[in-house]
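# Inside the fold
Chain residues, written in single-letter form:
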Amino acid sequence: MNSYPYPDFSEHGYQILQELGRNREGGRITWLASNIDHREVVLKQFCFAQAGSSWSGFQAHQREIDVLKGLEHPGIPRYLTSFATSDGFCLVQEYINAPSLAQTRSFAPEEIKQIASNALEILVYLQSLNPAVIHRDIKPENILVDEQLKVYIIDFGFARIGSQEVAASSVFRGTPGFIPPEQMFKPTDATDLYALGVTLICLLTGIQSTKIDQLQDQDDPYLIKFHHLLPQLSLRFLGWLEKMVQPLQKNRFANAKAALATLKPLDVIRVAGVDFSETVLKFKANRLGEKQTQSITVENPISDTLLQGRWEVAPHLQDPPHVPNNHAWIGVTPAKFTGNRTVCLVHVDTSKLMTDKQYKRQLILHSNAYPATHTLTVKVHTAALPIEKRKIPSGDLIGLFLIAVEVAVTMTWFITYGASWFLQAFGYEEILFFSILSLIHGYGSWCGYFGLKTKCSVGMALTNALTLALSFVVLKAVDEALTMAVGSVVSFVVGFVVAGAMAGAMPEAVLWLMKRAINLAKDSFTTVLILLILGFGASVGTGIIAGFLNPFILLALTGTSLTTLSMLLYSPLKQRKLIAKYRQSEESLIKP
């Protein structure tokens, strides 16, 4: 009696070392064996004469052998040989020294993504064959992964090629929850994706394949609910995995190639996102060498994440070589940041750029977001030469100067000579009398005749001086007895005519001069220049009456004239200096 506990296949050149697995319902036992060269192999023994098994699957397993003979992929154990036995036959394959995913092991999320990518690459190969090979029995027990995360898929063709009894025993009964609806009728390239997706869910959640029913929906057993168990994973990755296990194959990826292409750029761990308030920043310089700054807000829209970023100016052929934190003419502060809402300032120095040119550069934000880099466009339009085309309103300034001179002459003469002359020629009583008389006559007659009210008051106040002068002539020509009557008539006529004219024209003239001065004063430079011109004119007018040798007049003339002259010469001199400086440095300036 043979005491050896394992079957004897020595006549075929194999010695059994240990049992690897057993499927009694399918009549299959998997052994680890060694050949005559002492190389370890996997020997699958199919026993169709045992109770519960049937010879009807023999031809199906023969077709499986034919399929395995044509498979050449590093992730698929190579077919070596096969031989018949008294109760069935044996299939010999390459031995892979790696545990299956059914064994309790711990993988990081990124490692699980690598396992998924490697498994999909094997499926891409199978689906590229003609005809395509559909495994139909993807599950943790049939995927081997070694320490380097190399993936191997085993038990090829068994579920697909075997008889209905074998397929039912090995798939439908053995691994519920890994079968998409269409597998029982017409499997497609998307069929194996469902089973692989469920396998990945087992790895990510730590649930054993035999307990996958815990995640099945009560109303739809093909619908797997797993989102609530994986809050730390990226929403994009979870969306990809959810699409892998859609019950309807039309809602899944069409094939392994499409699923792999979508998976590669995804991050497994939930990562931050990046939203720019502006994607293009436009700068326009108004003067040579101007430095400008604009702000941009960087926000992270993904909750439960923290954005970390680092700015860099993208290299450009025309820019000098630079390090990330030191560019020739573009800077960003802060250069590094941590936060979900950060305001960054982009600085541009046009002193190193050519005039009247368009520059376009890219800012790169390196971050922990997805994707890892985001770009921001910076456009700069430099100022043209000449930089400052300041137009001096010469005619208007001369007009203001003459008006200031005239007003200063009149006021200075009246203050210096006119007031004292009137006081000496007449007594205070006569001057007061004729002033009041003129005011009453002019105001009352004009306003009463035309129905006007306060508008005439301004004009009447300005006509008192003319009325006094005419009254002085009357006093010289007639005796004092007629002064009252003649003065009254003269005051009435003069007040009526002159007050009306002055009431309408004088305010309009004053208003026009004020508007003209305001229109000229478009900037601070012109405003200061107007004030200096008026001061210079007042100094000249005062000097005409009071004398230019007066020390105060000399001081006023010197201060206003020299300051006015320097301002008139400042703009063109500055322009010439800037142009000369630019021409000297033009060769060293950065080109667009």
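Refer to the preceding data block for the structure.
Quick summary incoming for the structure in this document. (Residues numbered from 1 in each chain as written. Predicted model: local features only at pLDDT ≥ 70, side-chain atom pairs only at ≥ 80, totals over all residues. Heavy atoms only, no water.)

### Details of the overall build of the protein chain
When helices and strands are counted, the protein chain shows 13 helices and 16 strands. With 592 residues in all, the protein chain has 42% of them scored as buried. Total accessible area computed for the protein chain in this model is approximately 32,100 Å², and 58% of it derives from carbon and sulfur atoms. (Helix = DSSP H or I, 4+ residues; strand = E, 2+ residues; numbered from the N terminus. Buried < 20%, exposed > 50% of the residue type's maximum accessible area, 1.4 Å probe, protein only. Areas by Shrake-Rupley, 256 points an atom, 1.4 Å probe, with all protein chains shown as cover.)

### Description of helix α5 (residues 191–205)
For α5, spanning 15 residues, the distance from its first C-alpha to its last is 22 Å, which sits close to the expected 21 Å at 1.5 Å a residue. Burial analysis of α5 places 14 of its 15 residues in the buried class, which makes it a mostly covered element. Downstream of α5 by one or two residues, glycine 206 has phi in the positive range, about 80 degrees. (Expected span 1.5 Å × (residues − 1).)

### Re the sheet that holds strand β14 (residues 341–349)
Taken in spatial order, the four strands make up an open sheet running β8-β10-β14-β12, and their pairing is antiparallel. The open sheet has two free edges, formed respectively by β8 (275–276) and β12 (330–333), since each of these has just one partner strand. Direction of pairing for strand β10 (residues 291–299) relative to β14: antiparallel, over a ladder of nine bridges. By the bridge assignment, valine 298 is partnered in β14 with threonine 342. (Pairing = 2+ DSSP bridges.)

### Examining unusual backbone geometry
Glycine aside, negative phi is the norm for most residues, and most peptide bonds take the trans geometry. Along the chain, asparagine 130 connects to proline 131 via a cis peptide bond; the corresponding omega equals 0 degrees. Among the secondary structure elements, proline 131 is positioned in the loop between α2 (109–128) and β6 (143–145). With omega at -5 degrees, the peptide bond leading from threonine 333 into proline 334 counts as cis. One can find proline 334 in the loop between β12 and β13 (336–338). With a phi angle near 55 degrees, aspartate 356 is a residue other than glycine that sits in the positive phi range.

### Some words on empty space enclosed by the protein
Taken as a whole, this structure holds two cavities of 30 Å³ or more when the rule is applied. Quantified by volume, the second largest cavity comes out at close to 40 Å³. Looking at the second largest cavity, the residues that line it are Arg287, Leu288, Gly289, Thr350, Leu353, Met354, Thr355, Thr382 and Ala383. (1 Å grid on protein atoms, 1.4 Å probe; cavity = no way out; pocket = protein on both sides within 12 Å on 5 of 7 lines; lining within 4 Å. Points joined across faces, edges and corners; volume = space filled by probe spheres on them.)

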